[in-house]
Amino acid sequence: MEIPDNAWAQMVDGCPIPVAFLDLESRYRYVNNAYLRFFGWQLRDVIGLTTQQVIGRKAAESIAPYVQAALGGGSISFEMEIAYQRRGLRRMQAHYQAAKDGDGQVIGFFAHLQDVTDRQEAEDAVASALDGLGDGYLALNAQLRFTYVNSSAARFYGKSREEILGRELEQVFPGSADSPTGELLQTVLVTRHPKRSTLPSAGKPGTEVLIEMVPLKGGGVGIVIQAQDAPGEAS
């Protein structure tokens, strides 16, 4: 992206997402109204000052690697907790993109921010509630990679969370894709309808489990597992 002009600034001033333009010294040269509202600033509090002066040393140090990536001519997106000196600890999504002049030389970067703290707190509350369940609960994304596992599920399979989270189904439970559980999972992924059945456990041979699979927003599947003493009827 090239440096902002007046027309660009007028358009971005009405954008609900905080946007800023900083130079090679990480000094603020432009911020839109949403940026000012988010931090409770006036223009005089920001323009010409460095990130460290405005958001605090700790916050500036935490974003420094991403700033350097943008000033190197790149574009980078990230999500992290940032300890701002005025707003305190916030969970932020950010996108930094190099700004260039007419000759293609980097002269700064654009920063687009979104506060996702409330979403994170809600997810943490749900995760805490799920972890308190007596039943096992796991979640996979559309690529069949585990995105969540509660304590009961980890204990049931005799694995730590670290051995499950972030890994693909076949990595954690080899052969499970071709098992009855894997077939049920594929059905839920394709039809987006919940299913409930008692099946041999794909991850714990010799054990039958009552499995409930529910499609999740974003294309994944949530799985509730209950160990069974005897087979049940599939629904």
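Residues numbered from 1 in each chain as written. Predicted model: local features only at pLDDT ≥ 70, side-chain atom pairs only at ≥ 80, totals over all residues. Heavy atoms only, no water.

**Topic: the side chain of Ser-26**
Relative to the assigned elements, Ser-26 resides in the loop between strand E1 (19-23) and strand E2 (28-31). The contact partners of Ser-26, leaving out residues within four places of it in the chain, are Leu-49, Thr-50, Thr-51, Val-67 and Phe-109. (Helix = DSSP H or I, 4+ residues; strand = E, 2+ residues; numbered from the N terminus. Contact = heavy atoms within 4.5 Å.)

**Describing the confidence of the model for the protein chain**
Considering every residue of the protein chain, the mean pLDDT works out to 85; 84% of them sit at 70 or more. Low pLDDT (under 50) marks residues 229-235, which in the prediction has nine contacts with non-local residues, meaning those over four places away or in another chain. (pLDDT = per-residue confidence, 0-100.)

**So, the packing of aromatic side chains**
Evaluated as defined, the whole model comprises 16 aromatic pairs. Here the aromatic residues Tyr-28, Tyr-35, Phe-38, Phe-39, Trp-41 and Tyr-84 are joined through ring pairs into a cluster of three or more. Here the basic side chain of Arg-87 rests over the ring of Phe-38, its NZ or CZ set 4.4 Å away from the ring centre. (Phe/Tyr/Trp six-rings, centres within 6.5 Å; stacked < 30°, edge-to-face > 60°. Lys NZ or Arg CZ within 6 Å of the ring centre and 35° of its normal.)

**Describing the environment of Ser-26**
Judged by its relative accessible area of 13%, Ser-26 is buried. Spatially, the C-alpha atoms of Ser-26 and Val-67 are 8.0 Å apart, while their sequence positions differ by 41 residues. (Buried < 20%, exposed > 50% of the residue type's maximum accessible area, 1.4 Å probe, protein only.)

**Notes on helix H8 (residues 180-191)**
Look at H8: 16 Å from first C-alpha to last across twelve residues, which is about the 16 Å you get at 1.5 Å a residue. Those residues of H8 not exposed but buried are Thr-181, Gly-182, Leu-184, Leu-185, Val-188 and Leu-189. The buried residues of H8 occupy one face: seen down the axis, they fall within an arc of 160 degrees. Pointing more than 90 degrees away from the buried face of H8 are the exposed residues Glu-183 and Val-190. Residue Arg-192 follows H8 closely and has a positive phi angle near 60 degrees. (Expected span 1.5 Å × (residues − 1). Arc of directions from axis to C-beta.)

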